Amino acid sequence: MQGWRHGSARQRCCCLLWQAVATKVVLTAGLKKNEVFRIEGASCTLPEAMVYLTNLQNQYEAVYGSGIWEAKEDGKSLEQEAKQQVLTELAQIKVMNLLAEEKEVELDEKEQERAAAAAKEYFSSLNETEVSSLNVTEELLAEMYGEYALAAKVYRQIVENVNPEISDDEARTITVEAIRVSDRTKAQELCGKAKEEGTDFEALAQASSEDPYVTMSFGKGEVSPVLEEAAFELGKDEISGVVEDGGSFYVLKCISTFDEAQTQANKEKILQQRRSEAFDSEYKTFESTLVRRLNEELWNSVTLIRDENVTTSSFFEVYNTYFQVEQY
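As a convention, each chain's residues are numbered from 1 in the sequence order in which they are written. Given that this is a predicted model, residues contribute local features only at a pLDDT of at least 70 and side-chain atom pairs are listed and counted only at 80 or more, while totals for whole chains, interfaces and linings are drawn from all residues. To obtain the side-chain values, all non-hydrogen atoms of the structure were included, while hydrogens and water were left out.

Colleague: Can you walk me through the sheet that holds strand 6 (residues 173-181) in this structure?
Modeller: Across the sheet, four strands lie side by side as 7-6-9-8; this open sheet has antiparallel pairing. The sheet is open, and its two borders are formed by strand 7 (215-219) and strand 8 (243-245), each paired with just one other strand. Averaged over all neighbouring strand pairs, the angle between strand axes comes to 45°, with direction disregarded. Strands qualify as paired when DSSP identifies two bridges or more between them. Counting from the N terminus, the helices are the DSSP runs of H or I reaching at least four residues and the strands are the DSSP runs of E reaching at least two. Bridging between strand 6 and strand 7 involves five bridges; their strand directions are antiparallel. Note that in strand 7 the partner of Thr-175 across the bridge is Ser-217. To obtain an axis, a line is fitted to C-alpha atoms, over the contacting stretch when the element is a helix, and the angle between two such axes runs from 0 to 180 degrees between their N-to-C directions.

Below you can see the structure in the form of structure tokens.
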């Protein structure tokens, strides 16, 4: 399920919830001591946030080492970035669960049992220090897995009616060799030379083009409309006339009009884009109506756990073990 989040991908096709201008934000008011935030009736507690944050921390450290947290980008520490990522992920889970409630989507009995089993396995993997540091119970973990699974379920419902049929022509990739120069007269001279019998177009392009790379592969919508139209009108080994685009002048030679493997890959890419657009539209419309409350004082006090006995990183791996769903 790649459309909004899956496994360790940690990406979102949606806007960041905490940056959504249309949503009313109220800081701290009405929150309990251990509440990080509340969105309408959906609450996120500090133990939930610490499970996400600590798993993310240990995943990073397993690859880059503990020194990674000293890094900064644009004056912002990686720890701050990690906290923002966790806040955004948990907020989206809560919004998705509210959306599921509105759409009357629920986990069935078997799905609830899998959430409970996942919680039991993950909780049993924690040592005493981890349980104490995270302040979690098996019951809380079961709720977290259930909410995550419900968010995934409502996502699938939103995108299930997206038309998966994509034609070869829509997904087709063309490969061309290109000469680009900034002078029209020179382009016309090179075009004439390129069309002379026996001319090695690639060698001419490498010697004359103002771009370092002369071979380009692209599908529809990936280059300017002018270049796209000129390229897709060519048959294999055909050479274009001079094509003006953005103040530059091009001469193109078609090397390949169809790459089956690349076309299939493009079909998957286009389908994913359609699903993301369908999800974005419904999610953003719903999310913009919600009131959020953030406990800034509590959240600002949260830091990474730096304890050699706290190494847990398998929260989402365990989820994937129990919820083998179609990969969107």
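Colleague: Explain helix 3 (residues 109-125) here, please?
Modeller: Spacing of three or four residues puts side chains on the same side of an α-helix, whose turn is 3.6 residues. Taking 1.5 Å as the rise per residue, helix 3 with 17 residues should run 24 Å; its terminal C-alpha atoms sit 25 Å apart, in good agreement. Note on classification: 1.4 Å probe, protein chains only; a residue is buried when its accessible area is under 20% of the maximum for its type, exposed when over 50%, partly exposed between these limits. For helix 3, the set of buried residues is Glu-111, Ala-115, Ala-118, Ala-119 and Tyr-122. Down the axis, helix 3 shows its buried residues gathered within 100° of arc, on one side only. Every exposed residue of helix 3 that faces more than 90 degrees away from the buried side is listed here: Glu-109, Lys-110, Lys-120 and Ser-124. Taken together, the buried residues of helix 3 touch helix 1 (46-64), helix 4 (128-134), helix 5 (138-159) and helix 12 (315-322). Expected span of a helix, by definition, is 1.5 Å for each gap between consecutive residues, and there is one gap fewer than residues. It is the directions from the helix axis to the C-beta atoms whose arc is reported. Whether two residues are in contact is decided by their heavy atoms, any of which lying within 4.5 Å being enough.

Colleague: Sorry, what's going on with the confidence of the model for the chain here?
Modeller: When pLDDT is low, close inspection of the predicted coordinates is not appropriate. As a per-residue measure, pLDDT tells how confident the predictor is, with possible values from 0 to 100. Confidence in the prediction of the chain, expressed as mean pLDDT, is 88, and 90% of residues score 70 or more. Helix 3 holds the highest mean pLDDT among the elements of the chain, 98, whereas strand 1 (residues 24-27) holds the lowest, 47. Across residues 1-26, where pLDDT falls below 50, the model places 82 contacts with residues more than four positions away in sequence or in other chains.

Colleague: Any chance you could explain the packing of aromatic side chains here in plain terms?
Modeller: The relative placement of two aromatic rings is captured by the distance of their centres and the angle of their planes. Centres within 6.5 Å make a pair out of two Phe, Tyr or Trp rings, where for Trp the six-membered ring is used; the pair is then stacked when the planes are under 30 degrees apart, edge-to-face when over 60, and tilted otherwise. Tallied over the full model, the rule gives 14 aromatic pairs. Taking 5.8 Å as the distance between ring centres and 75° as the angle between the ring planes, the aromatic pair formed by Tyr-60 and Trp-69 counts as edge-to-face. Look at Tyr-60 and you get partly exposed, because its relative accessible area is 24%. On the basis of relative accessibility, which here comes to 7%, the residue Trp-69 falls in the buried class. Ring-over charges, as used throughout, are those where CZ of Arg or NZ of Lys falls within 6 Å of the ring centre and within 35 degrees of the ring normal. The ring of Phe-232 is capped by Lys-220, whose NZ or CZ atom sits 5.5 Å from the centre of that ring.

Colleague: How should I be thinking about the packing of helix 3 against helix 5 in this particular structure?
Modeller: For any two helices packed against each other, the geometry is given by the interaxial angle and the distance between the axes. Between helix 3 and helix 5, the least distance of the axes is 8 Å, while the angle of their chain directions is 135°. What the angle tells us is that helix 3 and helix 5 run oblique. Helix 3 and helix 5 meet at a crossing whose hand is right-handed. Listed contacts from helix 5 to Glu-111, Ala-115, Ala-116, Ala-118, Ala-119, Lys-120, Tyr-122 and Phe-123 of helix 3 are Glu-138, Leu-141, Ala-142, Tyr-145, Gly-146 and Lys-153. Residue polarity follows a fixed list, in which Ala, Val, Leu, Ile, Met, Phe, Trp, Tyr, Cys and Pro are nonpolar, Asp, Glu, Lys and Arg are charged, and the others, Gly among them, are polar. Across the contact of helix 3 with helix 5, the residue classes tally to nine nonpolar, one polar and four charged. Angles are sorted into four bins: roughly parallel if under 35 degrees, roughly antiparallel if over 145, roughly perpendicular if 65 to 115, and oblique for all others. Each crossing gets its handedness from the near helix: less than a right angle anticlockwise from the far helix is left-handed, clockwise is right-handed.

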